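# Coordinate inspection notes
Spelled out from the first residue to the last, the chains are:
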Number of protein chains: 2
Amino acid sequence: MADDKKLTTRAADFSAWYNEVVLRGELADYSPVRGCMVIRPRGYGIWERMQRQLDFMFKDTGHENAYFPLFIPESFMRKEAEHVEGFAPETAVVTHGGGKKLEEPLVVRPTSETIIYAMLAKWVQSYRDLPVLINQWANVVRWEMRTRLFLRTLEFLWQEGHTAHATEHEAEEEARKMLGVYRDFMEGWMAMPVITGIKTDSERFAGALRTYGCEAMMQDNKALQAGTTHNLGQNFSKAFDLKFQTESGGMDYAWNTSWGVSTRLVGALVMTHGDDFGLRTPPFLAPIELVIVPIWRSDDDKTRVLEAARAIRDTLTAWERRKTGKLRVHLDDRDGMKPGAKYLRQVP
Amino acid sequence: MADDKKLTTRAADFSAWYNEVVLRGELADYSPVRGCMVIRPRGYGIWERMQRQLDFMFKDTGHENAYFPLFIPESFMRKEAEHVEGFAPETAVVTHGGGKKLEEPLVVRPTSETIIYAMLAKWVQSYRDLPVLINQWANVVRWEMRTRLFLRTLEFLWQEGHTAHATEHEAEEEARKMLGVYRDFMEGWMAMPVITGIKTDSERFAGALRTYGCEAMMQDNKALQAGTTHNLGQNFSKAFDLKFQTESGGMDYAWNTSWGVSTRLVGALVMTHGDDFGLRTPPFLAPIELVIVPIWRSDDDKTRVLEAARAIRDTLTAWERRKTGKLRVHLDDRDGMKPGAKYLRQVP
């Protein structure tokens, strides 16, 4: 799999450079399904480490994980006027199941506001049941015409936070708080500076009052939207009848927020830190931190060198077990490959 | 949400008892999509803890995580004769995307052998590239007619391991090893005794040489299939041209295995440990281990009692941070609810 041809430089063609880093670094590959990618172990390892940290930050701010269905009845999408207008043209639709045509087609979720707020309407009766602070790790599908590995794919992995609050103020506070969590993650863990702020009306999430975004500057001097949070107001709670009894005894619709980041962040990482030799990954997110390359001249040497190398790896790994995530060691004991070629191996 | 009506007893109606425990314990709920469930935070918390331990055990046995597309071209399903016969009747089919009819319908994955082995055929050239040891955490869809929360749902969450080996012996060893990992997990972490063994031909995975299963005995004296591993032989590698150059210079097809467990395990946990008061969860898997119920008589009391309760919670939580997963504490400070009702709250 080693590919000794030099990378296209960033200066020569940034877009070609990006694709080569992702493909030759074995982060991802094209799949037989148009616009869908395969995330290979090295790319998934980065995503996993991102997930672990984000998940910790979400829980630390009081959120719980849950899981809602992949399929959404088509009629649900239509209940919020702006939402259907924004997402309907991009949906994948299941029309047949178990060999039969379905009475109502099912949309493969492009995002889950509709199904989640329909369920919350069932669970929330009183202000005592609020706030509801839920997050979901899931795959979503948006039928994009032009796709790029990690940056824009038909199917992608993401997390979507969905919350319900008793007041507009609380919802606004949540949307801004999660923007801050994203910013902390991107700057502290990805070492990727971002500018946060409110999005323009044309870039607002379909169905939101206000959308906030984290914009990161890539090496080609273009901005990349790395994460967004939305104050949904009462738009979805009115569409799905998500009402609650207020503390003073009246009835009101809940105030919602949603927020998400996706596997696009892996692409952002590449475009922020990669150089003309390939990918560079901040230590916190690297699946492998330290590679041991054993060198030998004779078969006799080989046995002794490998034995010593394995002992070092095992010692370091045992140390890792005591302090999980502190040092991730890999012994590159592949046979029939020169050390030089191993040094050039693009370990993320 | 507290529901003071007594549970149906196991003796009276085991199936009704099971549904009540899952619904009233807020582990899961029915969704507006037939056969699809919503996994609520308490149920998802158990699944998350299962995932964390299984993931550790998979990595400890040399596997890496990756992610393959949700959609599979219909033609792929047809390449392995037994496989299509077994799965085609249960598929959900996407016929439209982005507002247009697709040239080739896409199947929502019921399992991922076909797409994964098609990709491995691209990545594996030589015996040096073997073994490939991959696992995927994903959602899958099987169009079942009769569904039960957790036990049998149209969409479910699972992990699917997929491996490629140079010899039949290695593949057989892998299928048996992962059966052992499942057994260790079910017995050691779920406290659920299982019987392992080879499945009959009629229960064999569609496309496998041999299927091994973990069968667990539920409290209604019925066996539940809790996990399976498959020696796929060369069936899929022949269908997808997954060949490699052998050490002696010839060409051979790779030997594959696959293995999976799903959110069904949450249902198995309920049916193994639940009693007529509700759910009981082994400590390793309980999202909450310790609940603090403050008791007060006057408002003055309340302030002091809550302050003390919060201090205890914070001390215990800080201790947890040092030894992650060792003690999970919850302070039930809900207002307007008697302590007695809190004791009866069905914390998993």
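Here we summarise the structure given alongside this text. (Residues numbered from 1 in each chain as written. Chains lettered and ligands numbered in written order. Predicted model: local features only at pLDDT ≥ 70, side-chain atom pairs only at ≥ 80, totals over all residues. Heavy atoms only, no water.)

Turning our eyes to something else, we now look at the overall build of chain A. In terms of helices and strands, chain A carries 10 helices and 16 strands. C-alpha atoms of chain A, sized along the principal axes, occupy 85 × 45 × 40 Å. The buried share of chain A, reckoned over its 348 residues, is 55%. A total of about 15,500 Å² of accessible surface is found on chain A, and carbon and sulfur atoms cover 51% of it. For chain A, the distance from the average site of its 46 positive side-chain charges to the average site of its 48 negative ones is 4 Å. (Helix = DSSP H or I, 4+ residues; strand = E, 2+ residues; numbered from the N terminus. Buried < 20%, exposed > 50% of the residue type's maximum accessible area, 1.4 Å probe, protein only. Areas by Shrake-Rupley, 256 points an atom, 1.4 Å probe, with all protein chains shown as cover. Lys, Arg positive; Asp, Glu negative; His and termini not counted. Charge placed at Lys NZ, Arg CZ, Asp CG, Glu CD.)

This part covers the environment of M186(A). All names here are of chain A. With respect to the helices and strands, the residue M186 is situated in helix α6 (residues 168–188). M186 gets classed as buried once you look at its relative accessible area, which sits at 0%. It is 30 Å that separates the C-alpha atoms of M186 and L120, two residues lying 66 residues apart in sequence. Aside from chain neighbours lying at most four places away, what touches M186 is A191, M192, V194, C214, A226, G227, V261 and L265. (Contact = heavy atoms within 4.5 Å.)

With an omega of -5 degrees, the peptide bond running from L130(A) to P131(A) counts as cis. If you trace the backbone, P131(A) turns up in the loop between α5 (113–123) and β7 (132–141). Unlike most non-glycine residues, E26(A) shows phi in positive territory, near 55 degrees. With respect to the helices and strands, the residue E26(A) is situated in the loop between α1 (14–24) and β1 (28–30). In this structure E26(A) comes out as buried when scored by relative accessible area, which is 13%. Positive phi values are uncommon outside glycine, yet A191(B) reaches one of about 55 degrees.

Right, let's get into the interface of chain A and chain B. You'll often see interface size given as the accessible area lost when the parts meet. The interface of chain A with chain B comprises 57 residues on the first partner and 57 residues on the second. Between chain A and chain B, the buried area comes to about 4,700 Å², and carbon and sulfur atoms account for 64% of it. Scanning the region where chain A abuts chain B turns up four salt bridges. The salt bridge partner of D29(A) is K122(B), with a shortest N-O separation of 2.9 Å. (Buried area = accessible area lost by both parts, 1.4 Å probe. Salt bridge = Lys/Arg side-chain N within 4 Å of Asp/Glu carboxyl O.)

Superposing chain A onto chain B takes a rotation of 180 degrees combined with a translation of 0.1 Å along the rotation axis, leaving an RMSD of 0.1 Å. Such a combination of turn and shift is consistent with a two-fold rotation axis. Taking C-alpha positions as the reference, the residue of chain A nearest the rotation axis is V94(A), at 2.1 Å. Interface overlap between copies is the fraction of interface residues in one copy that are interface residues in the other; for chain A against chain B it reaches 100%, indicating a shared surface. (Least-squares fit on C-alpha atoms with pLDDT ≥ 70 in both.)

With that settled, the discussion passes to the pairing of strand β5 (residues 92–97) of chain B. Extensive coverage of β5(B) is indicated by the burial of five of its six residues. Where strand β5 (residues 92–97) of chain A meets β5(B), five bridges bridge the pair, whose relative direction is antiparallel. The residue of β5(B) that forms the bridge with V93(A) is H96(B). For β5(B) and strand β6 (residues 100–108) of chain B, the ladder comprises four bridges, and the chain directions are antiparallel. (Pairing = 2+ DSSP bridges.)

Let us now look at the environment of P131(B). Here P131(B) falls in the partly exposed class, since its relative accessible area comes to 42%. As for P131(B) and A166(B), which are separated by 35 residues in sequence, their C-alpha atoms are 6.8 Å apart.

This paragraph deals with the side chain of Q53(B). Along the chain, Q53(B) turns up in helix α2 (residues 41–60). When neighbours within four sequence positions are excluded, Q53(B) is seen to be in contact with F185(B) and W189(B).

Assignment of secondary structure puts A254(B) in the loop between β13 (251–253) and β14 (255–262). Overall, A254(B) belongs to the buried group, its relative accessible area being 0%.

What follows concerns the packing of aromatic side chains. Using the criterion set out here, one finds 24 aromatic pairs over all chains in the structure. On the basis of an interplanar angle of 85 degrees and a centroid distance of 5.8 Å, the ring pair of F156(A) and W158(A) is categorised as edge-to-face. For F156(A), a relative accessible area of 13% gives the class buried. The class for W158(A) is buried, based on a relative accessible area of 10%. For the ring pair Y117(B) and F236(B), a centre distance of 6.0 Å and an interplane angle of 40 degrees mean the geometry is tilted. Of this pair, Y117(B) sits in helix α5 (residues 113–123) while F236(B) sits in helix α7 (residues 235–239), placing them 119 residues apart in sequence. The pair formed by Y117(B) and F236(B) is uniform in burial state, with each residue classed as buried. Through a chain of ring-to-ring contacts, the aromatic side chains of W47(A), F58(A), W137(A), Y182(A) and W259(A) assemble into a single cluster. Sitting over the ring of F76(A), K79(A) keeps its end group 5.1 Å from the ring centre. Cation over ring: R40(B) sits above W123(A), and NZ or CZ is 3.8 Å from the ring centre. (Phe/Tyr/Trp six-rings, centres within 6.5 Å; stacked < 30°, edge-to-face > 60°. Lys NZ or Arg CZ within 6 Å of the ring centre and 35° of its normal.)

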